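Observations on the three-dimensional arrangement
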Amino acid sequence: APTVTMKQIAAALADKHGLTKKDATALLDGMVGTFVKHLKKGERIRIPGLGILEVRKTKARTGRNPQTGEPIKIPAKKKVAFRAAKDLK
């Protein structure tokens, strides 16, 4: 499937809403920055019609090196999870 970039999304928004591409790009950059700020705080972001973004914590666990079979420790970490809205499904 083709990949759509932020530049393409900004251009489409600029055409649809009569903005300049520079303004649309600034708006999108601000939106992404706001999303990141809230996700770092541990807050969920709900976007109607699209879904929910949230940070989930994974526990530390033991894995195996596929080349040697040697056990390795995988540290705990955080990841961003996305749940699609019913409309999107």
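A few points on the structure. (Residues numbered from 1 in each chain as written. Predicted model: local features only at pLDDT ≥ 70, side-chain atom pairs only at ≥ 80, totals over all residues. Heavy atoms only, no water.)

**Comments concerning the pattern of salt bridges**
This model, assessed by the stated rule, comprises two salt bridges. Among the ionic pairs, Glu 54 bridges to Arg 56, the shortest N-O distance being 3.2 Å. With a relative accessible area of 14%, Glu 54 lands in the buried category. Several salt bridges converge on common partners, so that one network encompasses Glu 54, Arg 56 and Arg 83. (Salt bridge = Lys/Arg side-chain N within 4 Å of Asp/Glu carboxyl O. Buried < 20%, exposed > 50% of the residue type's maximum accessible area, 1.4 Å probe, protein only.)

**A few points about helix H1 (residues 6-17)**
Under the 1.5 Å per step criterion, the end-to-end length of H1 is 16 Å for 12 residues, consistent within 8% with the ideal 16 Å. Those residues of H1 that fall on the buried side of the exposure criterion are Ala 10, Ala 11 and Ala 14. Taken around the axis of H1, the buried residues stretch over an arc of 100°, which confines them to a single face. Facing away from the buried surface of H1 by more than 90 degrees, the exposed residues are Lys 16 and His 17. (Helix = DSSP H or I, 4+ residues; strand = E, 2+ residues; numbered from the N terminus. Expected span 1.5 Å × (residues − 1). Arc of directions from axis to C-beta.)

**Topic: a nonpolar patch on the surface**
Among the surface-exposed residues, Val 4, Met 6, Ile 9, Val 32 and Val 36 lie close enough to one another that they form a single nonpolar patch of about 380 Å² accessible area. Listing elements by their share of the nonpolar patch, those giving two or more residues are H1 and helix H2 (21-40). Checked against the element boundaries, Met 6 lands in helix H1. Among the residues examined, Met 6 registers a relative accessible area of 37% and is labelled partly exposed. (Patch = residues over 30% accessible without salt bridge, like charges linked within 9 Å, V, L, I, M, F, W, Y side chains within 5 Å. Areas by Shrake-Rupley, 256 points an atom, 1.4 Å probe, with all protein chains shown as cover.)

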